[in-house]
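# Observations on the three-dimensional arrangement
Here's the letter readout for the chains.
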2 protein chains.
Amino acid sequence: MNEETLDPKDWKAMAALGHRMVDDMVHYLQTVGDRPVWKHAPQEIKSHFTRELPLDPQAPEQVYEEFLEYVLPYPVGNIHPRFWGWVIGTGTVQGAFAEMLAAAMNTNTGGLDHHSANHVESQLIRWFREIFGFPAGASGVLTSGCSAANLIALAVARNAKAEGDLRRQGLQGAKRRMICYGSEEIHSSLQKAVELLGLGSDCLRTVAVNDAFQIDTGKLEEAIAGDRERGFLPFCIIGAAGTTNTGAVDDLQALADISEREGLWFHVDGAFGAWAVLAPGAKEKVRGLERADSLALDLHKWMYMPYEIGCVLVRSEQSHRSTFSLTPAYLAHGEGGQGLTGGDLPWFSDYHFQLSRGFRALKAWMSLKEHGLRKYGRLIEQNIRQASYLGSLVEQEPLLELGAPVTLNVVCFRYVGREGEQTRRAGWTERTEQEEQAVDALNREILVRLQEGGIAVPSGTTIRGRYHLHLAITNHRSRQEDFDLLIREVLRIGEELGVGS
Amino acid sequence: MNEETLDPKDWKAMAALGHRMVDDMVHYLQTVGDRPVWKHAPQEIKSHFTRELPLDPQAPEQVYEEFLEYVLPYPVGNIHPRFWGWVIGTGTVQGAFAEMLAAAMNTNTGGLDHHSANHVESQLIRWFREIFGFPAGASGVLTSGCSAANLIALAVARNAKAEGDLRRQGLQGAKRRMICYGSEEIHSSLQKAVELLGLGSDCLRTVAVNDAFQIDTGKLEEAIAGDRERGFLPFCIIGAAGTTNTGAVDDLQALADISEREGLWFHVDGAFGAWAVLAPGAKEKVRGLERADSLALDLHKWMYMPYEIGCVLVRSEQSHRSTFSLTPAYLAHGEGGQGLTGGDLPWFSDYHFQLSRGFRALKAWMSLKEHGLRKYGRLIEQNIRQASYLGSLVEQEPLLELGAPVTLNVVCFRYVGREGEQTRRAGWTERTEQEEQAVDALNREILVRLQEGGIAVPSGTTIRGRYHLHLAITNHRSRQEDFDLLIREVLRIGEELGVGS
């Protein structure tokens, strides 16, 4: 037979290309701060990606040239010191290297035994249990991120608290409508999860928040009581450890108490905020998450690792496994002994909807070892300090206005201009709706100019109905002067535009 | 402030480490065939991963040494030319490099506009539409694999065919029980999806297969009629393009006809088998998948790309988007114009349960360009030819027995030994249950010895109640002599053991 392969014809040339890539990527990251935060990809770049399906081969070097010209110069920009939009992490050089190592091994971590990758992931899960105060018997699995982690956690909650055999019968035969609770500030992925799970968004009660943007626990208790009266089945309370909008952390102790009293599952979405446990100055804020039945968290946000990596921890290993474990003939395992299915550990696919899984554990394992947990704690504290610093800059500046208290690493503020300054002194509720709309429009324009100018990337959001610039500082490259620069530029652009312009 | 970063103190040293990694990985893959396919990680290796949480930093070089000693030597082995267990792809050098590039850019592809990564993914989706004969208006999104792709597709099917507003009301208020159909040979991820979606496994009718392990379409039609009579709501037929167990491809044309006639959603799980469209000699076998309402496929299996990468295509973009699109204030987008939320393209998170997503498109885009689609077609055909060759070796050997016809790239066979040879001549149904159990045990032991000896890695499965060695050939490194070696070794080990030993 004339047999072919995808292996390189010339291994040395391939290695040389790899060397070039390493040098280019190291240089790219070393100099990232010298470039604009973000560069709007022009139409001729976008048009390049409408070309037809490649039927014939191209030299790897040529493909790499194409990458250098059309792909690399137009990232989202979250690797830059002045990127703070949404909640997006930064990544590291070593994290990128680790992805190459993992892909070279190309281990499938869905299961199989007596290979290293599953032990790396098991070790991580043990470390995370320790970090978040979960008991030794708790289970956990790495995920693509918090959307998947929240989905897995709510699936376990749903199945654990259902009245029948939910895996078999589904919700189609449910006698009582299952209801879960979270504040109106919880993440959209939780609504997506509830919808995907067949519960329907009607079953997600979004409870109002207090002035600190935390769930109003009095209203929560009323909602639960009301649902019980109506004959529904309350099953889960979702606590937010760091909301996207304002970084607010719900009173997790109170939520744990209510969950306990009411016999409900307590899930904490700790996407980024859970990591505040590492910062001596902030860990008190997330006290209570160690009492959760399940905890979702990301490592590609506030742990600065490259995409994708999240994790879910579940207090009851049995509930976790009985939601996901499913073993067809070709996956029979767990009998102890020899061979690739011979171990006695559960497989990670027993805890996840994914069967095939990559070796995402490696970048986390290598990163934690290289930097040590204490350094992550200091960096998280640094971001909190930077948020607090930025908040104080806003408060000192009469033309600017904070949208919410700065509790963690999120800052929301807006430019209100000279008119704003006057109404501000009198209390901003006195501004007319027309004036407010002008302020909204002004801030939208400020944001566009910050982004298009490559100056800085905050995002925008709506706080109590009004548009604000939004920063979530999950960036290990940001420096104090970057926030000074942001404020200067917002004032400059705001001045140029003026309210109502 | 005394500010810290995760960036290297010494960029040159970090680049030097990257160079070492490139050389090591290239060498590792170049020489993979010289090593055992798989090496059982010994207890002292496993014990290494029970060490405590690292609080303090270690030099990156030192962490890499640890990787070299404890992680790298113990992969699952699917990079090796003689790994054919389950259905696991091989990976490539360039794929591993691309993962490094993607992680260096660290772009979040959940959304945001005017950046390159989303255009790369859009282009891939267009190419896949063309490859699989989907119309220009069809939507698609990359996934972690087929588990997620099947989940997304069935969610869209469920919501599109539900009687009420399923996103809002869920299944809790459903009047008629929704039912879907697939053969008893469909993949476990589909049952997991059905359970996760709240439908319950009771709603998944697993229809018997014919002698070719394809769904029995007569029985399928009976099942649908029966469910309608009982007042249920049939909503979806699942076709398999390549089952895990035997590689069987359902009669997709017939399933498309039935779906059309009955007004049901037609989903095809084409995890690996869908790629047979690229092989001129095999594409007829999967004819009909271009009529599917949704198609799930993997690129980390038969397209040999490193983990994780799969894809789902959906004929009705509107159904797809209306299942997943959800836009909280901080993600408002699609208004056209400037800034990172200014474009008019839908975001990929509008088609997926994930919000944050990595840049997995890059490895697929670079790989397709480097090798060209025609080469992938030839490699897939090569694997089919190898399966057919192995099948013929089994048929020529009286001590061996095929478990199922070889249709694509999957081969199931067992060693039946001298006694087996005699009963075989008389037809294997005449073997007593005790004899059959002895043959099962013998083959289990053969498999363990093949694996533990590092000789070859088939997996094991049960076909019509009996244990068989199972090979899915999705390996671009396998050569004809590898299959000769496998047969020689099975016969040698079988001989050594003998039935009943």
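Note on numbering: residues in each chain are counted from 1, in written sequence order. All chains are assigned letters beginning with A, and all ligands numbers beginning with 1, in the order in which they are written. Owing to the predicted nature of the model, reporting of local features is limited to residues with pLDDT of at least 70; listing and counting of side-chain atom pairs is limited to 80 or more, with chain, interface and lining totals taken over all residues. Remark: hydrogens and water are excluded; side-chain values derive from all non-hydrogen atoms of the structure.

Attention shifts here to the overall build of chain A. Numbered from the N terminus, helices here are DSSP runs of H or I no shorter than four residues, and strands are runs of E no shorter than two. Counting its regular elements, chain A contains 15 helices and eleven strands. By the compact-globule yardstick of 23 Å for 501 residues, chain A fits well, its C-alpha radius of gyration being 25 Å. C-alpha atoms of chain A, sized along the principal axes, occupy 80 × 70 × 45 Å. The criterion used for residue contact is that any of the two residues' heavy atoms lie within 4.5 Å. Considering only contacts in chain A between residues 6 or more positions apart, those separated by 24 or more positions represent 74%. Neither His nor the chain termini are counted; the positive set is Lys and Arg, and the negative set is Asp and Glu. Think of each charge as sitting on NZ of Lys, CZ of Arg, CG of Asp or CD of Glu. The average position of the 51 basic charges and that of the 65 acidic charges among the side chains of chain A differ by 3 Å. Note on method: radius of gyration uses C-alpha positions; expected globular size equals 2.2 Å times residues raised to 0.38.

Here the focus is the packing of aromatic side chains. Any Phe, Tyr or Trp ring, taking Trp's six-membered ring, that has another such ring centre within 6.5 Å forms a pair; planes under 30 degrees apart are called stacked, those over 60 apart edge-to-face, and the others tilted. Scanning all chains against the criterion turns up 15 aromatic pairs over all chains. Each ring, one from Trp84 of chain A and one from Phe483 of chain A, has its centre 4.6 Å from the other, and the planes form 25 degrees; the classification is stacked. With Trp84 of chain A in the loop between helix H3 (60-71) and helix H4 (93-105) and Phe483 of chain A in helix H15 (residues 480-497), this residue pair connects regions lying 399 residues apart in the sequence. Each member of the pair Trp84 of chain A and Phe483 of chain A is classed as buried. With centroids separated by 4.9 Å and ring planes inclined at 70 degrees, the aromatic side chains of Phe132 of chain B and Trp275 of chain B adopt a geometry described as edge-to-face. Note that Phe132 of chain B is positioned in helix H5 (residues 116-132) and Trp275 of chain B in the loop between strand S5 (265-269) and strand S6 (294-298), a separation of 143 residues in sequence. The residues Phe132 of chain B and Trp275 of chain B share a single accessibility class, namely buried. Ring pairing ties together the aromatic residues Phe128, Phe132 and Trp275 of chain A, which thus form one cluster. Positioned above the aromatic ring of Phe134 of chain A is the side chain of Arg315 of chain A, whose terminal nitrogen or guanidinium carbon lies 5.0 Å from the ring centre. Relative accessible area decides the class of each residue, using a 1.4 Å probe on protein chains only: under 20% of the type maximum gives buried, over 50% gives exposed, and in between gives partly exposed. Charges are assigned to positions over rings by a cutoff of 6 Å between ring centre and Lys NZ or Arg CZ, combined with an angular limit of 35 degrees from the ring normal.

Turning our attention to helix H5 (residues 116-132) of chain A. Residues and elements named next belong to chain A. Here, expected helix span is obtained from the residue count minus one, scaled by 1.5 Å. For H5, built from 17 residues, the straight-helix expectation of 24 Å at 1.5 Å per residue is met to within 8% by its first-to-last C-alpha distance of 25 Å. Counted residue by residue, H5 has 15 buried out of 17 residues, so it is predominantly covered. A positive backbone phi angle near 70 degrees is found at Gly133, which sits one or two residues after H5.

All names here are of chain B. Between its first and last C-alpha, helix H16 (residues 480-497) extends 26 Å over 18 residues, near the 26 Å set by a 1.5 Å rise per residue. The set of residues buried in H16 consists of Asp482, Phe483, Leu486, Ile487, Glu489, Val490, Leu491, Ile493, Gly494 and Leu497. Lining the buried residues of H16 we find helix H13 (373-396), strand S8 (400-402), strand S9 (410-415), helix H15 (433-452) and strand S11 (466-472). Of the residues flanking the end of H16, it is Gly498, one or two places downstream, whose phi is positive at about 70 degrees.

Residue and element names in this part refer to chain A. Residue Glu308 is bonded to the preceding Tyr307 through a cis peptide linkage, with omega at -10 degrees. With respect to the helices and strands, the residue Glu308 is situated in the loop between strand S6 (294-298) and strand S7 (310-314). The phi angle at Tyr304 is positive, at roughly 65 degrees, despite the residue not being glycine. Secondary-structure assignment places Tyr304 in the loop between S6 and S7. Not every positive phi belongs to a glycine, and Arg464 is a case in point at roughly 45 degrees. Considering the arrangement of structural elements, one finds Arg464 in the loop between strand S10 (459-463) and strand S11 (466-472).

Chain B puts 172 residues into the contact, and the matching count from chain A is 172 residues. By definition, the buried area sums, over both parts, the 1.4 Å-probe accessible area that each loses when the two are put together. Interface of chain B and chain A: buried area, both sides summed, is about 15,800 Å²; carbon and sulfur atoms make up 61% of it. On the chain B side of the contact with chain A, Leu6, Gln172 and Tyr330 of chain B bury the most area, a combined 6% of that side's loss. Every case where a carboxyl oxygen of Asp or Glu lies within 4 Å of a side-chain nitrogen of Lys or Arg is listed as a salt bridge. If you look at where chain B meets chain A, you find 14 salt bridges. Between Asp7 of chain A and Arg477 of chain B there is a salt bridge, with its nearest N and O atoms 2.8 Å apart. What qualifies as a polar contact is a pair of N or O atoms within 3.5 Å, subject to a donor-acceptor requirement within protein and to the restriction that residues adjacent in sequence count only when both atoms come from side chains. Across the chain B-chain A interface, the total number found is 102 residue pairs in polar contact (both at pLDDT 80 or more). The greatest single-element share of the side of chain B that touches chain A, amounting to 13 residues, is contributed by helix H1 (residues 11-30) of chain B.

Both copies of the chain are tied together by a single rotation about an axis and a shift running along it. Alignment of the copies relies on least squares applied to C-alpha atoms, considering only residues that score at least 70 for pLDDT in both. The transformation that overlays chain B on chain A combines an axial shift of 0.0 Å with a rotation of 180 degrees, and the residual RMSD is 0.0 Å. In the structure described here, the two chain copies are related by an operation that fits a two-fold rotation axis. Looking at the interface residues of chain B, 100% of them are also at the interface in chain A, so both copies use one shared face.

This part takes up the nonpolar core. Counting 288 residues, the largest nonpolar core has Phe128, Phe132 and Trp275 of chain A together with Phe128, Phe132 and Trp275 of chain B as the members making the most contacts within it. The leading source of residues in this core is helix H12 (residues 361-396) of chain A, at eleven residues. Residues contacting Trp275 of chain B, with those up to four places away along its chain left out, are Phe128, Ile131, Phe132, Leu297, Asp298, Leu299, Trp302, Met303 and Ile380 of chain B. As used in this record, nonpolar core signifies buried Ala, Val, Leu, Ile, Met, Phe, Trp, Tyr and Cys residues forming a set joined through side-chain atoms within 4.5 Å.

Residue and element names in this part refer to chain B. The buried fraction of strand S2 (residues 178-183) is high, at six of six residues. Burial along S2 is two-sided: Met178, Cys180 and Gly182 and Ile179, Tyr181 and Ser183, pointing in opposite directions, are all buried. When DSSP finds two or more bridges between two strands, those strands count as paired. Pairing analysis gives four bridges linking S2 to strand S4 (residues 233-240), with the strands arranged parallel. Each bridged residue has a counterpart across the sheet, and for Met178 the counterpart in S4 is Leu233.

With that out of the way, let us pick up the side chain of Ser147 of chain B. Among the secondary structure elements, Ser147 of chain B is positioned in helix H6 (residues 146-161). In this view, Ser147 of chain B contacts Phe353, Gln354 and Leu355 of chain A together with Ser189 of chain B; residues no more than four positions away in its chain are not counted.

As a per-residue measure, pLDDT reflects the predictor's confidence and takes values from 0 up to 100. Per-residue confidence for chain A averages 95 on the pLDDT scale, and 96% of its residues sit at or above 70. Across the assembled chains, the prediction reports ipTM 0.97 with pTM 0.97.

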